[in-house]
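Here is how the chains run, residue by residue.
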Amino acid sequence: MMSSPTIKAVLVLDGNDGTRIHAKYFAKELLDHETQLKFEKNLFNKTKSQNARSEAEIVMLDRTISVYRQEIVMLDRTISVYRQ
């Protein structure tokens, strides 16, 4: 049975080293702080070499669809995570 897409988290990460600027987690499997940091590190490592400055990009990470965009003004990277 197919479920509808849900938002697991909304993240704002520093574009230089991937440290968390702000994060809001909604998924039960990501409520543990260590799990959150591991997820953020893996996602940053997968997207850091991409250039998503003009449009949003989509990547697949651990059976999760991640939509992200790099911002130049104040924040370097904004990531919204969706799961199907």
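Residues numbered from 1 in each chain as written. Predicted model: local features only at pLDDT ≥ 70, side-chain atom pairs only at ≥ 80, totals over all residues. Heavy atoms only, no water.

**Q** Tell me about the overall build of the chain, residues and numbers included.
**A** On a plain count of helices and strands, the chain comes out with one helix and five strands. Shown N-terminal to C-terminal, the secondary structure of the chain runs as helices and strands in the order β-β-α-β-β-β. The 84 residues of the chain split such that 32% are buried. Once local pairs closer than 6 in sequence are excluded, the contacts in the chain between residues at least 24 apart make up 32%. Total accessible area on the chain stands at roughly 5,800 Å², and carbon and sulfur atoms take up 52% of it. (Helix = DSSP H or I, 4+ residues; strand = E, 2+ residues; numbered from the N terminus. Buried < 20%, exposed > 50% of the residue type's maximum accessible area, 1.4 Å probe, protein only. Contact = heavy atoms within 4.5 Å. Areas by Shrake-Rupley, 256 points an atom, 1.4 Å probe, with all protein chains shown as cover.)

**Q** Give me the nonpolar core: which residues, what numbers.
**A** Within soluble globular proteins, side chains that are nonpolar tend to cluster in buried spots. Within the largest apolar cluster, 13 residues are counted, with the highest numbers of intra-cluster contacts made by Leu11, Tyr25, Leu30, Phe39 and Leu43. Listed by contribution, the elements that provide at least two residues to this core are strand S1 (6–13), strand S2 (20–25), helix H1 (33–47) and strand S3 (57–61). (Core = buried A, V, L, I, M, F, W, Y, C linked by side-chain atoms within 4.5 Å.)

**Q** Any details on H1? Residues and values, ideally.
**A** Relative to the 21 Å expected for 15 residues at 1.5 Å per residue, H1 spans 21 Å between its end C-alpha atoms, a close match to the ideal helical length. Within the sequence span of H1, burial applies to Gln36, Phe39, Glu40, Leu43, Phe44 and Thr47. For H1, the buried positions fall inside an angular range of 125° around the axis, keeping them on one side. The outward face of H1, more than 90 degrees from its buried face, is lined by the exposed residues Glu34, Lys38 and Lys41. (Expected span 1.5 Å × (residues − 1). Arc of directions from axis to C-beta.)

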